[in-house]
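Listed below are the residues making up each chain.
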Amino acid sequence: MGSGSDDLSVRLQKLASQTQAALGDSAKVEVVKSDTTYQVWEEFHRRYPHLPYPSNDGSTIKPREFSYLPDEEKLNQDYEAKLASAIPMSAPEATDEAEESEEAGAVEEAENNEAAEASEDTEEAAEDEAAENTEETGAYAGENKPAANANWADLNGKNFEVIDEPDENGNIPTRPIHGEIKVEGEAKNGENPAKFTITDSDNGGVYTFELDTSVKDKVVYRCVSGPEGAYSKGNDYELRTIDGKPILVQMKSSEGHGMGVARVNAATAAEEEEDIEDAEKSDNVEETSQMTPEQREAKINEEAEAILTDEALPDDAKTLLLAANMTLAMAAYSDPKPKISKDEDGNEVATLPDGRRIKIRRDENGEIIQVAIDNDTDGKACDVNYQKTQVSYESNPEKHRYEKTLDSTYYNFDKILELAKRIFGE
């Protein structure tokens, strides 16, 4: 035991004896004094196997700590309350002194719980009140005015904000771009720089802003790039002051207001990609519809032959593969286009008017990885299945597999993909 007065040592020894008596002969009790804490080590798992060890993994005994209180009775109550909450009803009867301590500890624990609940209620009320206050007066409340310039030398290297125009309460609809601003070239007060960047404090992304010199009646910066790449839509921000503080604001009249520059450009990119695909499909349809029957037949034969390489096909594969290639080319240049559906496995299926089918499988990225072709109209398994590295043929519907394969030296898989994409799209 560490240093301390003799009186205190006696009291501690008494407390240790009481603890030993409460736990029984099988327990080993040791009391250690530090400046502010008494630690009591307990080893009573053998007597009370239902009690978990006071540790994370349940395999080692670790100290339980109790804050130092000069009042021995109070310290005893704290400890007995902890024991009482763990020892089952079938445990040996405690002494009268332990029972009294147990009751006192339970009362104290209940009082502590009530105090904690009251504290939590107070905190929740404070948070609700803060939220209400924020709703009433947001961070961007104040007079919002256009600005002709700013003290860029003073702002350079400091935190700068770019926001969507706030509502009448000073609240903004999207997360601001905010962080350290770095002016390109020399930063001068009262002279608007041609270019600067902001390193966002939330995502670490670097946003680049350039002065739009084509606008004459106000100062406008365009966010030309960010973490997602280049921006071209909904990226105009006006230099203004809110409550006297310089800030870039995307006004409500801008197409990007309320969405955020990244979302606007992501949506635009998706629309542009869709437009390109639609245009390609339209071109394909127009090209096919303008062909004469003779031109279409010649094109189909040309494309079907282009699938094969100079390697001579084995006799058992020649009939099936030649017919499959013709079916694929006919579907690619049919007018009208074949009907597209999905099978029970989610594969896309194109069906020609006479019932022949082309089926494709895509990977998780949407890329076509298999093109299966059915040369007949029985609706059963496909006769040929092209993949990048091999072609399988002579399907056996009863065994649900192909009997034979050839490697890719016999065919041009890129040509197969080209025709498949004319049918199914990218």
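Read on for a plain summary of the structure.

**Regarding the packing of helix α6 (residues 293-306) against helix α7 (residues 315-332)**
Inference 1: Contact geometry for α6 and α7: axes closest at 8 Å, N-to-C directions at 130°. With respect to their mutual orientation, α6 and α7 come out oblique. For α6 against α7, the interelement crossing comes out right-handed. Mapping the contact onto sequence places I300, N301, E303 and A304 in α6 and N325, M326, A329 and M330 in α7.
Inference 2: Grouping the constituent residues of the contact of α6 with α7 by class yields five nonpolar, two polar and one charged.

**Digging into unusual backbone geometry**
Inference 1: Positioned with a positive phi, D243 is a non-glycine residue whose angle comes to about 55°.
Inference 2: Along the chain, D243 falls in the loop between β11 (236-242) and β12 (245-250).
Inference 3: In this structure D243 comes out as exposed when scored by relative accessible area, which is 60%.

**What to know about the environment of D243**
Inference 1: Residues D243 and A141, spaced 102 residues apart in sequence, show a C-alpha to C-alpha distance of 7.4 Å.
Inference 2: If sequence neighbours within four positions are ignored, D243 has contacts with A141, G142 and E143.

**Some details on the pattern of salt bridges**
Inference 1: Scanning the entire structure with this criterion turns up 14 salt bridges.
Inference 2: The shortest N-O distance in the salt bridge between E184 and K195 comes to 3.8 Å. One end of the pair, E184, is in the loop between β6 (177-183) and β7 (195-200); the other, K195, is in strand β7, with eleven residues separating them in the sequence.
Inference 3: The exposed category is assigned to E184, whose relative accessible area is 53%.
Inference 4: Between R222 and D212 there is a salt bridge, with its nearest N and O atoms 2.7 Å apart. One end of the pair, R222, is in strand β9 (residues 220-226); the other, D212, is in the loop between β8 (206-211) and β9, with ten residues separating them in the sequence.
Inference 5: Salt bridges sharing common partners tie together R175, D200 and D202.

The rules behind these values
- Residues numbered from 1 in each chain as written.
- Predicted model: local features only at pLDDT ≥ 70, side-chain atom pairs only at ≥ 80, totals over all residues.
- Heavy atoms only, no water.
- Axes fitted to C-alpha atoms, helices over the stretch in contact; angles between N-to-C directions.
- Helix = DSSP H or I, 4+ residues; strand = E, 2+ residues; numbered from the N terminus.
- Parallel < 35°, antiparallel > 145°, perpendicular 65-115°, else oblique.
- Left-handed = near helix turned anticlockwise from the far one by under 90°.
- Contact = heavy atoms within 4.5 Å.
- Nonpolar A, V, L, I, M, F, W, Y, C, P; charged D, E, K, R; others polar.
- Buried < 20%, exposed > 50% of the residue type's maximum accessible area, 1.4 Å probe, protein only.
- Salt bridge = Lys/Arg side-chain N within 4 Å of Asp/Glu carboxyl O.

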